[in-house]
Amino acid sequence: GFRGGALDIRDLTVGYGGEPVLHSVSFDLRPGEIVALLGANGAGKTTLLRAVARLVRVASGTIALDGADLGQVRTEDLARRGVALVPDGRSVVGELTVDENLRLAALWRHRGAARERAVNGIYEIFGSLARRRSSAGHQLSGGERQMLALGRALITEPTVLALDEPSLGLAPLIVAQVMGTLRETAASRGLTVLLAEQNVTSALSIADRGVVLNLGRVVADASAATLANDTHLRHAYLGF
Ligand code: ATP
């Protein structure tokens, strides 16, 4: 059966040339867990996801997947190791149809009939994408685009999925739909999810745990219920 990966982030320090943006950040994701990565604008959420995806240079510290250090793994090999990133701003190719977008994402993972099955598997998760299979990426609504970006990540059968603000620009009802699908998919596949969000309420509604960053440091790491009920923490770091 499916089993999510365990991700262990230890003493991670990352900067962009000058001052560090992340200061010795440590937390872990247990297999199958959904962890919300929270914090105000500029707290360092995107930088942390980029470090996991090996898109920024890590100054010090380690990121380990199932106990194996990812330090020497190249970005292009990361997907084969089971780590998929859904970047902020989406990964949909506007000129290609929904179907082509999914096939392209599945190219290296599945061939022939297996690729068709994988594409159909995504349509089973996202019924609205199936109805839009011949539409170009740029014709999709914001919600459909986000679902396609998610579908493109899921079709590679990751064990760890990292998402940067999937709620960005979506209407509340669509956010709820995307979050619900994420929760169901994670549960049915045993997928481990790192969910960076400004939308704290939505993220905590599906997360098992939350990690709060402030100015590049972990200021809280607790169950979703504990964080949702912590008024002081919410006021101080989460803006509500
Ligand atoms: P947001 O939700 O606004 O994306 P965030 O929590 O994801 O916020 P980051 O985008 O990781 O935060 O940014 C953390 C800090 O790093 C900010 O001070 C930002 O200005 C800085 N930063 C981000 N990207 C770069 C870059 N390419 N070069 C220099 N500084 C950067």
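Every chain's residues receive numbers from 1 upward, in the order its sequence appears when written. This being a predicted model, a pLDDT of at least 70 is required before a residue's local features are given, and a value of 80 or more before pairs of side-chain atoms are given or counted; all residues contribute to the totals for chains, interfaces and linings. As a rule here, side-chain values come from all non-hydrogen atoms in the structure, and water together with hydrogens is ignored.

(A) Examining the site of the ligand more closely. Lining the immediate environment of the ligand, one finds Y16, V21, A40, N41, G42, A43, G44, K45, T46, T47, E165 and Q198. Two N or O atoms count as a polar contact when they lie within 3.5 Å, although within protein this holds only if one can serve as hydrogen donor and the other as acceptor, and sequence-adjacent residues are included solely when both atoms are side-chain atoms. With respect to the ligand, the backbone of G42 contributes an N or O atom lying 2.7 Å from an oxygen atom. At a separation of 2.9 Å, an oxygen atom of the ligand approaches a polar backbone atom of G44. Out of a free accessible area of 620 Å², the ligand has 56% covered by protein chains. Here the element with the most residues in the shell around the ligand is helix 1 (residues 45-52); it accounts for 3 residues. Being near a molecule or strand, for a residue, means having at least one of its heavy atoms within 4 Å of it. Working definition of accessibility: Shrake-Rupley area with a 1.4 Å probe, residue cover restricted to the visible protein chains. Secondary structure follows DSSP: runs of H or I at least 4 residues long count as helices, runs of E at least 2 residues long count as strands, and numbering of each begins at the N terminus.

(B) Quick peek at the side chain of R234. Summarising the element assignment, R234 is placed in helix 10 (residues 231-238). Despite being buried, R234 has no salt bridge partner; D230 is the closest side chain of opposite charge, sitting 7.7 Å away. In what follows, a contact means two residues having at least one pair of non-hydrogen atoms within 4.5 Å. In contact with R234, not counting residues within four places along its chain, are L227, A228, G239 and F240. Exposure categories follow from relative accessible area, calculated using a 1.4 Å probe and restricted to protein chains: below 20% of the type maximum is buried, above 50% is exposed, and the middle band is partly exposed. His residues and chain termini do not enter the charge count, which takes Lys and Arg as positive and Asp and Glu as negative. Salt bridge, as used here: a side-chain nitrogen of Lys or Arg that lies within 4 Å of a carboxyl oxygen of Asp or Glu.

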